[in-house]
Amino acid sequence: VFKMRAEGLGYIPKDWIDAYGITGPNARAAGIPRDLRKDLGYLAYPQLDFEPITCTKSDAFGRAELRLAEMYQSINLIRQMVDKMPSGAIREKLPNPLYWKIPAGETYVSAECTRGEYGFYVVSDGSDKPRRVVVRGPSYTHAVSVMERLVRGVNIADVAGLMVSLHTYPPEVER
């Protein structure tokens with residue numbers, strides 16, 4: 001029954017990916033091999049053997065299949081990390097946060113999360129506390145911009161399944 005309801009539901013065309021800022025599994029389900037872990041090569045990811053998983057179905061069923069494949073890929077990545085983990089202490093005492101100084105300026109840092117690109121914009125005046133922090137989660141883009149287009153003409157009973165297929169997180173949308 002799931003396959004019957006999900007196939008063809010909420011198809012996202014490739015040309016929407018950049019136009020709407022679609023990231024993560026929703027973009028990869030449309031055949032775009034974009035994965036910040038690979039593209040930016042942060043933390044230990046450059047030392048791991050993996051390629052972004054993609055498909056071309058780009059509907060609710062394709063997104064579900066892709067996420068299942070990514071769960072197996074995550075298990076493989078964890079195994080690789082454990083194999084490459086250096087020996088020695090795994091806990092270190094950090095300096096007292098009261099003495100941390102954040103350099104004056106601004107920066108934007110992004111990372112791949114299960115829903116897509118998570119971005120952090122931080123502004124500092126050089127004190128021990130950031131002056132401004134803005135978090136950009138993928139749920140807002142996926143739930144508001146994309147969902148608004150995808151829901152047109154959809155049976156009301158399929159709206160919840162469509163929203164779940166986009167892997168949105170409501171608290172991330174309402175800020």
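Above this text sits the structure in question.
Here is a short report on the structure shown in this document. The shown structure was predicted, so the numbers you read here are calculated from the model rather than taken from an experiment. (Residues numbered from 1 in each chain as written. Predicted model: local features only at pLDDT ≥ 70, side-chain atom pairs only at ≥ 80, totals over all residues. Heavy atoms only, no water.)

### Structural notes on the sheet that holds strand 2 (residues 116-124)
- On the basis of which strands lie adjacent, the open sheet formed by three strands has the order 1-2-3 and antiparallel pairing. On the outer flanks of this sheet lie strand 1 (105-113) and strand 3 (132-136), each paired with one strand and no other. Within this sheet the neighbouring strands show an average axis-to-axis angle of 15 degrees, counted without direction.
- Pairing between strand 2 and strand 3: five bridges, direction antiparallel. Paired with Phe120 across the two strands is Val135, which belongs to strand 3.
- The sheet contacts of helix 6 (residues 138-150) involve strand 1, strand 2 and strand 3, and relative to strand 2 the element is tilted by about 125 degrees. (Pairing = 2+ DSSP bridges. Helix = DSSP H or I, 4+ residues; strand = E, 2+ residues; numbered from the N terminus. Axes fitted to C-alpha atoms, helices over the stretch in contact; angles between N-to-C directions. Contact = heavy atoms within 4.5 Å.)

### Concerning the pairing of strand 2
- Bridge analysis of strand 1 against strand 2 gives nine bridges, and the strand direction is antiparallel. Across the sheet, Val109 pairs through a bridge with Phe120, a residue of strand 2.

### Regarding the nonpolar core
- Counting residues in hydrophobic clusters, the biggest one holds 16 residues, and the most contacted among them are Ile12, Trp16, Ile17, Ile22, Val146 and Leu150.
- Looking at this core, the elements with two or more residues in it are helix 2 (16-20), helix 5 (60-84) and helix 6.
- Tyr42, Tyr45, Leu48 and Phe50 belong to the second largest nonpolar core, which has six residues in total. (Core = buried A, V, L, I, M, F, W, Y, C linked by side-chain atoms within 4.5 Å. Buried < 20%, exposed > 50% of the residue type's maximum accessible area, 1.4 Å probe, protein only.)

### Regarding the environment of Ser124
- Within the element layout of this structure, Ser124 appears in strand 2.
- Of the residues examined, Ser124 reaches a relative accessible area of 7% and is grouped as buried.
- Separated by 20 residues in sequence, Ser124 and Ala104 have C-alpha atoms that sit 4.8 Å apart.
- Not counting chain neighbours up to four residues away, the residues in contact with Ser124 comprise Ile102, Pro103, Ala104, Gly105 and Arg131.
- Here Pro103 takes part through its backbone oxygen, which lies 3.1 Å from a polar atom of the side chain of Ser124.
- Here Gly126 takes part through its backbone nitrogen, which lies 3.0 Å from a polar atom of the side chain of Ser124. (Polar contact = N/O pair within 3.5 Å; in protein donor to acceptor, adjacent residues only side chain to side chain.)

### Overview of a nonpolar patch on the surface
- On the surface, Leu68, Met71, Tyr72 and Ile75 cluster together into a nonpolar patch covering about 440 Å² of accessible area.
- For Met71, the position within the fold is in helix 5. (Patch = residues over 30% accessible without salt bridge, like charges linked within 9 Å, V, L, I, M, F, W, Y side chains within 5 Å. Areas by Shrake-Rupley, 256 points an atom, 1.4 Å probe, with all protein chains shown as cover. Salt bridge = Lys/Arg side-chain N within 4 Å of Asp/Glu carboxyl O.)

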